[in-house]
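Listed here are the chains, written in short residue letters.
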Amino acid sequence: MSELREVKSWPEQETRGHTIPGSRYTSKEFFEQEWEGMWTKVWLLLGRESELPEPGDWQMEEVGSEEILMVRQKDGGVKAFYNVCQHRGNPLVSEPKGTVLRRFVCKYHSWAFLPDGTLNFAPDKEDFPEGNPCNKVTLEELRTETFAGFIWVNMDPDCVSLKSFLGPIWDDWEARNIETWQRTMANSMWLPCNWKVVLDNFNESYHVPTVHQGATPDTDRKAIRGNIDTYFKETRFDLSDEGHNRMVMKGGFGVGQTDKEGNIVDPLASELRYWEIDPVDFKGRPEETREALQQAKRRLGPERGFTHYDKIPDEQFTDAFHYTLFPNFAVSLWSDGFHFLRARPHRSDPEQCLFDNWWYASPASQQNENARRGANAGTGAELTMLEYGGDVSIGPGIEDDVFVFVTQQRGFRSRGFKGVYLSNQEKRIRRYHELIDDYIEGRGPKR
Ligand code: FES
Ligand SMILES: [Fe+2]
């Protein structure tokens, strides 16, 4: 097996085991400490390169009290600025994206900034005692890097590189050509809960048999329909020095995918047929389809357009690789797509967050899907902002999680709650909270 295809373990991590009280999710004071100590010091995944293909294209995203304006430059690079005019502080843009033909013009007094951030025009420029501001004043720029087709920003000018921040994530992801993957679904919603409620949930699978009963087969509550074994004793957990984590659950072995006679049913049956495996050959032995699928994908993938298959490990063809990237991005990465789950803090209220439930898919898998369904699903799903409590679901499965996010937040307000009592399989939550404290206390993640 080549070096690239191996799934290496990450180093063991110790946790300190301090209490995690409800006030971490409700207190304004803690919310402000987190903002100053942590959010302004970490790399944040904020934009997508394909949203800004041409020079002058821009995307504006909010995180906490900041709005960040990402702009494609003439040289092909991307710069990110705080969305604030340096005259008297009015925001420069108010839409989520657009194209600037020549300059960003402030709607208050018409100061005009070039896409590279330089002030290029100010009315009555000779009237400033400190001198003509043009070509002198610039927008305030943030550290920006791109990786996997995403735009990452950091408010700390002295931050480490994105590559060192991501640690082993970088190599795990690099081989997958993720920059070519397209968004196929994008539902977002403001939720009445702290952002950590969301991340805590994606940092454990202990809740699955209870919260996702509809998705777990009656025969086996520790597994999830769609082929994932969520039982902790079968799950591999890794915590990185940098504070990220990875959870690998075995899939492709047919849990809940057979009828009473042991015949393999859809969707596994069609998946097998697509990869030239006859489901009949595996009657009564669904667990053996995992390896058969891995081999078939390895053999047939490249000629069917799945060009990145020669660089990824066998496990990735069938198993769920769920990552949490500190601080606020959880993602289930498959060989051909991922489930993108992110939570951002509100500008002032600790008890609200902006939650994204998005999906991305590789071009080959989209073609395959279109061929199978005889339809063109289209590419590049636009963002849909939904309302919490409205008629439209944020997405199957995830709506169950959202339900407990909001009830749990209510519980965190109780004076009767003395702090969490965590199982070992929830260790990632403990580590996560310790890292937040490390940042607040001015320590980096490596110890
Ligand atoms: S605040 Fe922008 S031009 Fe005055
Ligand atoms: Fe869940």
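Since this is a predicted model, take the numbers as computed values, not measurements.

Draft legend 1. Inspection of the packing of helix α4 (residues 195-202) against helix α11 (residues 427-440) at higher detail. At their nearest, the axes of α4 and α11 sit 9 Å apart, and the two run at 140 degrees to each other. Between α4 and α11, the angle falls in the class oblique. Seen from above, α4 lies across α11 with right-handed handedness. Along the contact surface, α4 presents Trp195, Lys196, Leu199, Asp200 and Phe202, while α11 presents Arg428, Ile429, Tyr432, His433 and Ile436. Residues belonging to the contact of α4 with α11 are distributed by class as follows: 6 nonpolar, 1 polar and 3 charged.

Draft legend 2. Structural detail: the pairing of strand β9 (residues 141-147). With 2 bridges joining them, strand β4 (residues 78-82) and β9 adopt antiparallel strand pairing. Bridged to Ala80 within β9 is Leu142. With 5 bridges joining them, β9 and strand β10 (residues 150-154) adopt antiparallel strand pairing. Bridged to Thr144 within β10 is Val153. Linking β9 to β10, which pair antiparallel, is a turn of 2 residues; within it Ala148 sits at a positive phi near 55 degrees.

Draft legend 3. Here's a closer look at the domain arrangement of the chain. Domain boundaries in the chain define domain 1 (3-24 + 177-251 + 319-440) and domain 2 (44-149). Placing a centre on the C-alpha atoms of domain 1 and another on those of domain 2 gives a separation of 32 Å. On the side of domain 2, 14 residues touch domain 1, which itself brings 16 residues to the contact. Surface buried jointly by domain 1 and domain 2 totals about 1,200 Å² across both partners, of which 49% is contributed by carbon and sulfur atoms. Ranking the residues of domain 1 by area buried against domain 2 places Arg342, Arg344 and Arg347 at the top, with a combined share of 40%. The tally of links from domain 1 across to domain 2 stands at 5 salt bridges. With a shortest N-O distance of 2.8 Å, Arg344 and Glu61 are connected by a salt bridge. If you look at where domain 1 meets domain 2, you find 7 residue pairs in polar contact (both at pLDDT 80 or more). The dominant element in the side of domain 1 that touches domain 2, judged by the number of residues it contributes, is strand β18 (residues 337-345), at 4 residues. Residues belonging to the side of domain 1 that touches domain 2 are distributed by class as follows: 8 nonpolar, 2 polar and 6 charged.

Draft legend 4. The sheet that holds strand β17 (residues 329-333), seen in detail. Reading across from one edge, β14-β15-β16-β17-β18-β19-β11-β20 is the order of the 8 strands in this open sheet, with mixed pairing throughout. In this open sheet, the two strands that pair with only one neighbour each are β14 (236-239) and β20 (384-386). Strand-to-strand twist in this sheet, taken as the mean axis angle between neighbours without regard to direction, amounts to 15 degrees. Both strand β16 (residues 320-325) and β17 contribute to a ladder of 5 bridges, which runs antiparallel. Bridging across to β17, Leu325 finds its partner in Phe329. Its contacts with the sheet put helix α10 (residues 398-412) on β11 (182-191), β18 and β19 (353-361), and the angle it makes with β19 is roughly 165 degrees.

Draft legend 5. Quick look at unusual backbone geometry. With an omega of 5 degrees, the peptide bond running from Phe326 to Pro327 counts as cis. If you trace the backbone, Pro327 turns up in the loop between β16 and β17. For Ser110, which is not glycine, the phi dihedral falls at a positive 70 degrees. Looking at where Ser110 falls in the secondary structure, it is placed in the loop between β6 (104-105) and β7 (112-113). The residue Asn177 is not glycine, and still its phi comes out positive at about 55 degrees. Turning to its location among the elements, Asn177 is positioned in the loop between α3 (168-174) and β11.

Draft legend 6. The arrangement of the coordination of the iron ion (ligand 2) in detail. At this site the iron ion (ligand 2) is bound by His207 (NE2), His212 (NE2), Asp401 (OD) and Asp401 (OD), with donor distances of 2.0 to 2.8 Å. Each of the 4 donor atoms around the iron ion (ligand 2) contributes to a set of angles spanning 52 to 144 degrees, which defines the coordination as irregular. Spacing between the donor residues of the iron ion (ligand 2) along their common chain follows H-x4-H-x188-D. Taken together, the positions of His207 in the loop between α4 and α5 (208-211) and Asp401 in helix α10 put the pair 194 residues apart, joining distant regions of the chain. For His207, a relative accessible area of 13% translates into the label buried.

Draft legend 7. Inspection of the pattern of salt bridges at higher detail. Enumeration according to the criterion identifies 25 salt bridges in this entry. For the salt bridge of Glu51 with Lys97, the shortest nitrogen-to-oxygen distance reads 2.8 Å. Placement of Glu51 in the loop between β1 (44-48) and β2 (57-63) and of Lys97 in strand β5 (residues 97-99) is noted, with a sequence separation of 46 residues between them. A salt bridge links Arg347 to Glu62, with the shortest nitrogen-to-oxygen separation between them at 3.9 Å. Taken as a pair, Arg347 in the loop between β18 and β19 and Glu62 in strand β2 lie far apart in primary sequence, 285 residues in all. One network of salt bridges, with partners in common, ties together Arg16, Asp438, Glu441 and Arg443.

Draft legend 8. A look at the nonpolar core. If you look at the biggest cluster of nonpolar residues, it comprises 74 residues, and the most contacted ones within it are Trp173, Phe355 and Phe405. Each of domain 1 (3-24 + 177-251 + 319-440) and domain 2 (44-149) gives at least three residues to this core. Counting 18 residues, the second largest nonpolar core, distinct from the first, contains Trp58, Val71, Cys106 and Phe113.

Draft legend 9. Structural detail: the sheet that holds strand β8 (residues 119-121). With respect to topology, 3 strands assemble into an open sheet ordered β6-β7-β8, the strand pairing being antiparallel. Each of the sheet's edge strands pairs with one partner strand only, and the pair in question is β6 and β8. Of the strand pairs in this sheet, β6 and β7 are connected by 2 bridges, and their pairing is antiparallel. In the sheet register, Val105 faces β7, and the bridge partner there is Ala112.

Rules of the game
- Residues numbered from 1 in each chain as written.
- Chains lettered and ligands numbered in written order.
- Predicted model: local features only at pLDDT ≥ 70, side-chain atom pairs only at ≥ 80, totals over all residues.
- Heavy atoms only, no water.
- Axes fitted to C-alpha atoms, helices over the stretch in contact; angles between N-to-C directions.
- Helix = DSSP H or I, 4+ residues; strand = E, 2+ residues; numbered from the N terminus.
- Parallel < 35°, antiparallel > 145°, perpendicular 65-115°, else oblique.
- Left-handed = near helix turned anticlockwise from the far one by under 90°.
- Contact = heavy atoms within 4.5 Å.
- Nonpolar A, V, L, I, M, F, W, Y, C, P; charged D, E, K, R; others polar.
- Pairing = 2+ DSSP bridges.
- Domains from an automatic or database assignment.
- Buried area = accessible area lost by both parts, 1.4 Å probe.
- Salt bridge = Lys/Arg side-chain N within 4 Å of Asp/Glu carboxyl O.
- Polar contact = N/O pair within 3.5 Å; in protein donor to acceptor, adjacent residues only side chain to side chain.
- Donors = N, O, S within 2.8 Å, 3.2 Å for Na, K, Ca; no water.
- Tetrahedral: all angles 85-135°; square planar, octahedral: opposite > 155°, others 65-115°.
- Buried < 20%, exposed > 50% of the residue type's maximum accessible area, 1.4 Å probe, protein only.
- Core = buried A, V, L, I, M, F, W, Y, C linked by side-chain atoms within 4.5 Å.

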